Amino acid sequence: MSTSARPSALAPFRIRNYRFQWPADLLTSWAFEVETLVLGWYILVETGSVLLLTVLASLQFVGTLVAPVFGMIGDRMGHRDLLVVMRLAYTVLSSTIMVLALTGHLSPLSVMIIVAIMGLIRPSDLGVRGALLAEIMPAEQLVGAISVARTTQDSARIAGALTGAGLFAVLGIGLIYVAIACLYFAAALLMLCLTRPKRTVITSDIPANSHAVSRLLGDLKEGIVYAWNGPGMRAALCVAFLANLTAFPFTGGLLPYIAREIFHTDQTGLGYLSASFAVGSLTGSITLSLVSGLRIARLLIGATLAWYAMLLVFVEVRTMPVAMACLVLAGIAQSMSMISAAVILMRTASAHLRGRVMGVRMMVIYGLPIGLLAAGSLIDVIGYSATGSLYAAAGLIAMLAIAIRWRADLWPVHAPANAR
């Protein structure tokens, strides 16, 4: 009876390292979300340009193409140590914005430059923390642990949405960045409290000779080829790329524009819209943490299709309550879709390649800046509704094509991706 009992959502916290990683990830995610909303509103108010808003959002993901390199570094030096270094780097960069703002020297150009630098590092954060999670958690608790870990992002988006834009209007960007820098620094300190997980594969130091570069490139190629050819992994990566290209732009980078130009609201309204999507996402994460025995690959298909259906409705409505309801439902579907993709990748990947596999997963986020920049240009040409409908319809069709193309990996009950 005990082995078949329903798993507790708090079970992952019995692992000591998880009790430190979870709050560290939570503080980092809170800082990410507040920073994204504050800077997005700052650029929109200072420049009035939707194109520059999409450029800012795109700069946050310039590092997605080098994410496999971060994964490889994490496989070698340890994912815990890499996260400490990354979060200390966030502290330095956010402190730079803080100083510029408090001294009155902050400008849209300086924001763009600093965001571009941070964008080289930040996209790899989720992948590295996912690889570390797979190291410290038993396999039977992985779905629950990933779902609970996902709540750090979802709760952060709620907190950031309800406080970030509003506090910007009240306190100003300088004082907000004092808090953001403190959040990053506290997250780095919490990561230092983790004990280093035992290395599954011991790698020697890279020799300082002419073979070092070729060895590094060989390791990187190995991870990319492995991620692309694993059972179910290619489909999961394609779904992740598709979602970033056609779905996330309308619930992320474009929200300040949607709030101001479509719903004619201020920072508070922007916070409500962003929080609605985050509430749905948090609901989906908690639900998955409480439910066991799901066919993950089938859930990936159904949740992604439902996500696009909700976006089709969202881009056509013009009343805030209905839009918020659509975003809640879209958030639920989004959470279930992205958690399913992550579970498929981490279940399938060999332990010594997890960092590189999750690096490839982060690399496909490059679809987001492409989608954002294209959407910013299309909105100026054909309008918001037509652009949104085009993106959502294209996403639905492409998702159906993925499900049909890799149906042998995603639909059969006994497929590895559907293992319970």
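As recorded in an unreviewed UniProt entry, the protein chain goes by the name Arabinose ABC transporter permease, listed as coming from Bradyrhizobium nanningense.

A closer look at the nonpolar core
Ile258, Trp307 and Tyr384 are the most contacted members of the largest nonpolar core, which has 126 residues in total. The biggest single contributor to this core is helix H14 (residues 320–348), with 15 residues. Of the residues that make up this core, three or more belong to each of domain 1 (13–194) and domain 2 (211–419). If we skip the residues at most four places from it in the chain, Trp307 touches Ala243, Ala247, Phe248, Phe277, Ala330, Ala333, Gln334, Ser337 and Met338.

Here we look at the side chain of Ser110
Following the sequence through the fold, Ser110 ends up in helix H5 (residues 108–121). Judged by its relative accessible area of 16%, Ser110 is buried. Setting aside its immediate chain neighbours within four residues, Ser110 contacts Leu100 and His105.

What about the pattern of salt bridges?
In a structure, side chains of opposite charge can pair up when their charged atoms sit close to one another. Within this structure, the stated rule accounts for five salt bridges. A salt bridge links Asp25 to Arg129, with the shortest nitrogen-to-oxygen separation between them at 3.9 Å. Linking Asp25 in helix H1 (residues 16–47) with Arg129 in helix H6 (residues 124–136), this pair joins segments that are 104 residues apart in sequence. Using a relative accessible area of 6% as the deciding quantity, one classes Arg129 as buried. Where Asp125 meets Arg87, a salt bridge forms, and the shortest distance between an N and an O atom there is 3.0 Å. Taken together, the positions of Asp125 in helix H6 and Arg87 in helix H4 (residues 79–102) put the pair 38 residues apart, joining distant regions of the chain. Each member of the pair, Asp125 as well as Arg87, is classed as buried. Residues participating in the shared-partner salt-bridge network are Asp25, Arg87, Asp125 and Arg129.

Re the packing of aromatic side chains
Enumeration over the complete set of coordinates arrives at nine aromatic pairs. Ring geometry for Trp307 against Tyr308: centres 6.2 Å apart, planes inclined by 20°, an arrangement best described as stacked. Under the relative-accessibility criterion, Tyr308 is labelled buried at 0%. One aromatic cluster is present, formed by Phe13, Tyr18 and Trp22 through successive ring pairs. The side chain of Arg122 reaches across the aromatic face of Phe32, ending 4.1 Å from its centre. The ring of Trp411 has Arg298 sitting right over it, with the charged end atom 4.4 Å from the ring centre.

Describing the packing of helix H10 (residues 233–246) against helix H13 (residues 296–314)
Packing of H10 against H13 brings their axes to within 12 Å, and their N-to-C directions diverge by 10°. Classified by the angle their axes make, H10 and H13 are roughly parallel. For the pair formed by H10 and H13, the contact residues are Ala236, Val239, Leu242, Ala243 and Thr246 on the first element and Leu300, Thr304, Trp307 and Tyr308 on the second. Its residues assigned to classes, the contact of H10 with H13 shows seven nonpolar, two polar and no charged.

Describing the environment of Phe32
In this structure, Phe32 sits in helix H1. With a relative accessible area of 8%, Phe32 lands in the buried category. It is 9.6 Å that separates the C-alpha atoms of Phe32 and Leu183, two residues lying 151 residues apart in sequence. What Phe32 contacts, discounting residues up to four positions off in sequence, is Tyr90, Arg122, Asp125, Arg129 and Tyr184.

Here we look at the confidence of the model for the protein chain
Confidence in the prediction of the protein chain, expressed as mean pLDDT, is 82, and 87% of residues score 70 or more. Note on residues 1–6: pLDDT under 50 across the span, and two contacts to partners over four residues away in sequence or across chains. Segment residues 201–210: pLDDT under 50, and eleven contacts once partners within four positions in sequence are set aside and those in other chains are kept.

Here's the deal with the packing of H1 against H6
At a minimum axis distance of 11 Å, the contact between H1 and H6 shows a crossing angle of 170°. By the angle class used here, H1 and H6 are roughly antiparallel. Residues Asn17, Tyr18, Gln21, Asp25, Thr28, Ser29 and Phe32 of H1 form the contact with H6, whose own contacting residues are Asp125, Arg129, Leu132, Leu133 and Ile136. Looking at side-chain class alone, the contact of H1 with H6 contains five nonpolar, four polar and three charged residues.

Things to note about a nonpolar patch on the surface
Nonpolar side chains collect at one region of the surface, where Leu102, Val170, Leu171, Leu175 and Val178 lie side by side and expose about 460 Å² of accessible area between them. When residues of the nonpolar patch are traced back to their parent elements, those giving at least two are helix H7 (142–171) and helix H8 (173–192). Locating Leu175 in the fold gives a position in helix H8.

Basis of the calculations
Residues numbered from 1 in each chain as written. Predicted model: local features only at pLDDT ≥ 70, side-chain atom pairs only at ≥ 80, totals over all residues. Heavy atoms only, no water. Core = buried A, V, L, I, M, F, W, Y, C linked by side-chain atoms within 4.5 Å. Buried < 20%, exposed > 50% of the residue type's maximum accessible area, 1.4 Å probe, protein only. Helix = DSSP H or I, 4+ residues; strand = E, 2+ residues; numbered from the N terminus. Domains from an automatic or database assignment. Contact = heavy atoms within 4.5 Å. Salt bridge = Lys/Arg side-chain N within 4 Å of Asp/Glu carboxyl O. Phe/Tyr/Trp six-rings, centres within 6.5 Å; stacked < 30°, edge-to-face > 60°. Lys NZ or Arg CZ within 6 Å of the ring centre and 35° of its normal. Axes fitted to C-alpha atoms, helices over the stretch in contact; angles between N-to-C directions. Parallel < 35°, antiparallel > 145°, perpendicular 65-115°, else oblique. Nonpolar A, V, L, I, M, F, W, Y, C, P; charged D, E, K, R; others polar. pLDDT = per-residue confidence, 0-100. Patch = residues over 30% accessible without salt bridge, like charges linked within 9 Å, V, L, I, M, F, W, Y side chains within 5 Å. Areas by Shrake-Rupley, 256 points an atom, 1.4 Å probe, with all protein chains shown as cover.

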